[in-house]
Each structure stands twice: as structure tokens, then as C-alpha cells.
Amino acid sequence: MNLYERISGRLEEAMKVGALRPGDRLPSVRRLSERERVSVSTVLQAYLTLEARGLIEARPQSGHYVRWQRPATAEPPLSRPAPGATEVQVSSLLAKVVASARDPKLVPLGCNQPALELFPGKRLGRIAASIARDGGGLGYELPPGLRALRRQLARRSLDWGCTLSPDDFVVTCGAMEAVQLSLLAVARQGDAVAIESPAYFGTLNAIEALGLKAVEIPSCPREGMELDALERVLDARRIAAAVVVTNFSNPTGAVMPDANKERLVEMLGARGVPLIEDDLYGDLCFGPSRPRAAKSFDRRGLVLHCGSFSKTLAPGWRVGWVTPGRFQERITLLKFSQTIATASLQQEALAEFLRSGHYDRHLRTLRKAVASILRCMGEAVAQHFPPGTRATRPEGGGALWIELPGKADALEFHQRALQAGIAVAPGPIFSARQGFERFVRLSCGATWSPRVEAAIAVLGRIAAELQ
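Residues numbered from 1 in each chain as written. Predicted model: local features only at pLDDT ≥ 70, side-chain atom pairs only at ≥ 80, totals over all residues. Heavy atoms only, no water.

Trainee: What am I meant to see in the overall build of the chain here?
Mentor: Tallying secondary structure elements over the chain gives 15 helices and 17 strands in all. Here the C-alpha radius of gyration of the chain, 22 Å, is about what a compact globule of 467 residues would show, namely 23 Å. Dimensions of the chain, computed from C-alpha atoms along their principal axes, come out at roughly 60 × 55 × 45 Å. Here the chain holds 467 residues, and the buried ones make up 57% of them. With an accessible surface of roughly 20,100 Å², the chain has 49% of that area assigned to carbon and sulfur atoms. Both charge centroids of the chain, one from 60 positive and one from 47 negative side chains, sit 4 Å from each other. (Helix = DSSP H or I, 4+ residues; strand = E, 2+ residues; numbered from the N terminus. Rg over C-alpha atoms; globule rule 2.2 N^0.38 Å. Buried < 20%, exposed > 50% of the residue type's maximum accessible area, 1.4 Å probe, protein only. Areas by Shrake-Rupley, 256 points an atom, 1.4 Å probe, with all protein chains shown as cover. Lys, Arg positive; Asp, Glu negative; His and termini not counted. Charge placed at Lys NZ, Arg CZ, Asp CG, Glu CD.)

Trainee: Please clarify how the packing of aromatic side chains should be interpreted in this entry.
Mentor: The way to describe two aromatic rings as a pair is by their centre distance and the angle between their planes. All told, the structure shown has 10 aromatic pairs when counted by the stated rule. A ring pair is formed by Phe 436 and Phe 439, whose centres lie 5.4 Å apart and whose planes are at 90°; its orientation type is edge-to-face. Its relative accessible area of 16% is what places Phe 436 among the buried residues. Following the ring pairs from residue to residue traces out a cluster consisting of Tyr 200, Phe 201, Trp 401, Phe 430, Phe 436 and Phe 439. (Phe/Tyr/Trp six-rings, centres within 6.5 Å; stacked < 30°, edge-to-face > 60°.)

Trainee: Any chance you could explain the sheet that holds strand β17 (residues 439–443) here in plain terms?
Mentor: The strands making up a sheet associate through backbone hydrogen bonding, with each pair oriented either parallel or antiparallel. Spatially, the four strands line up as an open sheet ordered β13-β14-β17-β16, and their pairing is antiparallel. This sheet does not close on itself; its edge strands, each paired only once, are β13 (390–391) and β16 (425–426). In this sheet, β17 lies alongside strand β14 (residues 399–403) in antiparallel orientation, the contact comprising five bridges. If you follow Glu 403 over to β17, its bridge partner there is Phe 439. Helix α13 (residues 358–384) contacts β13, β14 and β17 of the sheet and is inclined by roughly 15° relative to β14. (Pairing = 2+ DSSP bridges. Contact = heavy atoms within 4.5 Å. Axes fitted to C-alpha atoms, helices over the stretch in contact; angles between N-to-C directions.)

Trainee: Honestly, a positive patch on the surface in this entry has me stumped. Any pointers?
Mentor: On the surface, Lys 122, Arg 123, Arg 126, Arg 361 and Arg 364 cluster together into a patch of positive charge. For the positive patch, the secondary-structure elements that each account for two or more residues are α5 (121–133) and α13. Looking at the positive patch element by element, the count peaks at three residues for α5. Considering the arrangement of structural elements, one finds Arg 364 in helix α13. Accessibility expressed as a relative area gives 51% for Arg 364, which makes it exposed. (Patch = residues over 30% accessible without salt bridge, like charges linked within 9 Å, V, L, I, M, F, W, Y side chains within 5 Å. Salt bridge = Lys/Arg side-chain N within 4 Å of Asp/Glu carboxyl O.)

Trainee: Can you walk me through the pattern of salt bridges in this structure?
Mentor: If charged atoms from side chains of opposite charge come close, those side chains can pair. According to the stated counting rule, one finds 29 salt bridges in the structure shown. The salt bridge partner of Glu 36 is Arg 10, with a shortest N-O separation of 2.4 Å. Residue Glu 36 is located in helix α2 (residues 29–36), and its partner Arg 10 is located in helix α1 (residues 3–17); the two are separated by 26 residues in the primary sequence. Among the salt bridges present, the one from Arg 150 reaches Asp 167, with a minimum N-O distance of 3.8 Å.

Below, the structure written as C-alpha cells:
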């Protein structure tokens with residue numbers, strides 16, 4: 001156990017036994033470092049850990065205090081999707097939901113990306129403008145993409161538990177293109193693909209567009225895909241690939257433990273089944289360290305690791321990547337045939353942003369902000385939604401997955417929310433068969449404010465009416 005974990009553990013135990021009570025002021029960072037005979041940075045890390053978990057809060061010019069805790073709602077249970085492969089039919093419903101979410105007048109709780117004011121827009125703009133003034137960013141950066149950016153991605157792969165080279169990457173137009181190219185590379189029309197249930201609607205939409213079938217695998221809101229269920233499916237039928245969000249799955253926020261990731265990679269690899277790992281949210285962790293990627297356990301080149309800067313830096317720039325392993329040549333050719341290249345100016349600006357060290361400093365601020373927003377949302381749901389409501393308690397990502405009580409219908413809930421000026425994402429768009437009829441996803445699309453809290457109170461009243 002690290003020193004900061006030991007200190008945070010002691011403080012948490014003091015809170016549990018009542019030695020530290022809500023509202024109590026914690027020792028100053030310097031005083032605690034002297035008392036524990038550790039560095040100031042160690043105490044800061046311990047406080048950041050407790051803050052990310054919602055146990056303490058920092059008050060400007062005052063110090064750290066134990067937070068008041070509202071009773072948490074229970075979490076949703078393991079999902080139980082119908083067995084067998086099915087054609088995906090979400091595009092029509094999804095189009096309606098996405099169209100409504102574009103309305104700027106709505107409280108944006110349906111779009112799963114941090115609020116735009118949390119991104120370093122001015123700094124990125126200055127870097128891009130400087131590159132453009134020097135004549136950069138005008139030509140094509142043909143696949144696999146700008147080497148300077150791929151070099152920075154290779155450096156960051158150490159944080160994922162990997163040791164990758166710049167030549168292992170192909171730059172894409174966001175993580176969604178990375179996933180779609182990966183599906184094109186490993187599956188043919190009519191093939192079956194194993195996915196989590198619930199699953200990100202963009203992945204379902206891609207599976208539908210490519211004429212593939214989905215095999216929905218039960219998933220836990222804490223640890224993700226149930227691997228015993230996946231193994232039974234693999235033993236019973238041919239699966240062309242598995243698509244898994246290993247870290248902070250969308251919409252549940254589940255994180256697959258390292259042991260499960262290793263078992264997943266080995267289970268699929270032994271059968272020659274590629275794993276398409278969507279690691280889009282890995283950098284949005286609230287704890288002290290980023291979770292490992294399943295790619296770190298890959299010894300056969302069968303894990304296609306996909307990621308993007310869309311949730312951490314610049315959603316509209318659409319810059320992502322895939323590390324295709326043994327499918328490198330196939331993915332490179334597919335990328336050229338699909339979109340020729342990813343925008344050059346954005347690649348150059350992001351490469352410089354990463355090279356200069358700005359990214360890690362920005363991530364620390366962003367993670368803290370998103371953690372605070374989700375914590376406040378969770379407390380507001382616990383306060384305002386009717387008894388029987390269940391909600392996840394994610395430790396990263398940007399969404400809450402909520403099970404409505406009674407006979408509430410998610411699509412009717414969505415319509416009433418729109419009428420009240422609030423955008424949410426109804427559960428059926430996260431299912432190949434449009435299941436999860438009593439679930440909704442709330443996201444951190446706006447910074448916390450009285451307007452957002454009032455919107456959640458309205459949603460609670462709607463949920464109560466629909467019981």
C-alpha cells in the first residue's frame with residue numbers, strides 16, 4: 001500500500017467511527033505531513049483521493065473539510081439481456097433522441113461530454129493559430145497520421161500499462177471511427193459481435209450500419225461484462241469480435257478489474273477472437289491513477305485499442321486513434337479508403353499540447369471538476385427522485401445510469417423531460433433490442449449550478465408521477 005493510501009485510509013476510518021464528523025476541518029497539509037513524517041505531496045495526494053471519492057471538500061482560503069453525506073441510492077443489478085444474436089435496431093430512435101439533444105435551450109443532461117468551458121479552448125486555439133500562421137496544417141497527413149502525435153501517444157501508453165511505439169498507432173477521426181474501422185477489419189456482414197449490455201448507442205449504431213448482429217452479454221454496473229456468460233457464448237457459437245468499454249463503461253461507469261481484463265484477453269485470444277477495446281474514458285478517472293488498458297495484457301496482437309481526445313480536450317476536433325496489432329495494414333488501408341486522413345492542423349496542435357506538458361495539468365483540473373459534478377448529481381438524485389430509484393456511483397467517466405422505480409417508462413420520461421426543457425438519454429437506445437425500458441442516463445454536460453439542480457428536482461417529480 002502506498003503512503004498516501006495509508007493516510008487516506010486512516011482518515012476514512014476516522015470518519016466511519018465518528019472521530020471525524022461532517023463539517024469538521026481536517027489538519028492542514030503541512031501539519032499532517034509533519035505529524036505523519038511524509039512529504040507535502042503525499043498528503044495532497046491523500047486529500048485528492050478522499051476528495052475524488054466525495055468524502056471531503058476543499059474550501060478556498062480555508063482548508064479541507066469532511067463533507068455532509070446524503071444517503072446514497074442503491075445501484076442497479078446485473079443486467080439480464082435476452083440470449084442469442086439479434087439484428088440491431090436503434091438508429092431510428094437514436095436519431096430522434098440526438099435531434100432533441102441539439103437544442104441549446106435545453107438543460108444538457110443527455111450528452112455525455114464535460115461542459116465545454118472545462119476544456120482548454122484558448123490555449124489550444126493559440127497553439128493552432130501559431131501553427132497556421134507558419135503555414136502548417138494545410139496538407140494531408142495520410143494514414144497512419146502525424147508522427148509527432150503518434151510519438152506522444154506512444155509516451156502516454158505507459159500510463160495504460162503498455163509499451164507501444166509510434167508505429168503501433170493509426171490516427172482516426174475520433175474513437176467512433178476507430179471502433180468502426182476495427183469492426184470493418186475483423187467482421188463481415190451478418191457476423192455476430194459480443195457487446196456489453198447496456199452498451200454505448202454509438203457502438204450499436206455502427207453495428208447496425210455495418211449489417212452485423214449483436215450478442216448482448218450481461219454486465220455489472222461495477223465490474224462490467226460478466227466473463228462467465230461471455231465464455232458460454234464463445235463455446236456455443238462463432239463470435240467475430242467482442243467490443244468492450246473496459247474503463248468507465250458508457251452508460252454504467254463500470255471498470256473491469258485488471259484480473260478480469262487479463263482473463264478477457266486470454267479467453268478471446270485462445271479462440272482467435274479479436275477484442276475491440278474502447279478506452280475513450282480511461283483518462284477521466286477520479287482516483288489517483290488511470291486504470292490499465294486490456295491492451296497491456298495482449299500477447300497475440302488481437303486487441304485493437306481505441307481512444308480519443310473528444311472527452312478530455314476538444315470534442316469538435318475529432319482526433320482519436322487505434323492500435324490495431326496484427327490488423328495494422330488492414331486498418332491503415334481502410335482508414336485511407338474511408339476518410340483519406342484526419343485533419344492535419346488539429347493533429348499538429350494536439351501533438352504540441354501534449355509535448356509541452358499541458359495535458360496532464362489540464363487532466364488534473366478536469367477530473368476534479370467532473371468528479372464534483374457527478375457527485376452533486378448523485379446526491380441530487382438521492383434527494384429528489386422517489387424511493388426505489390437506483391443509480392450508479394461511478395469513479396470516472398461522466399454519466400449516471402439510473403433505474404426508475406415502479407412502472408415508469410423511460411421513453412415517456414424522456415418526452416416529459418423535453419417538455420420541461422431538459423435533455424436526458426433514455427435507456428432503450430443503449431440496447432440492441434431497445435430494452436432497459438425503466439432506465440435513463442444523466443450526463444455531466446453542464447457545470448453544476450442551481451439551474452442543473454432544479455432540473456434534477458423536476459426529473460424527480462416526473463419519475464414520481466410515472467410510477
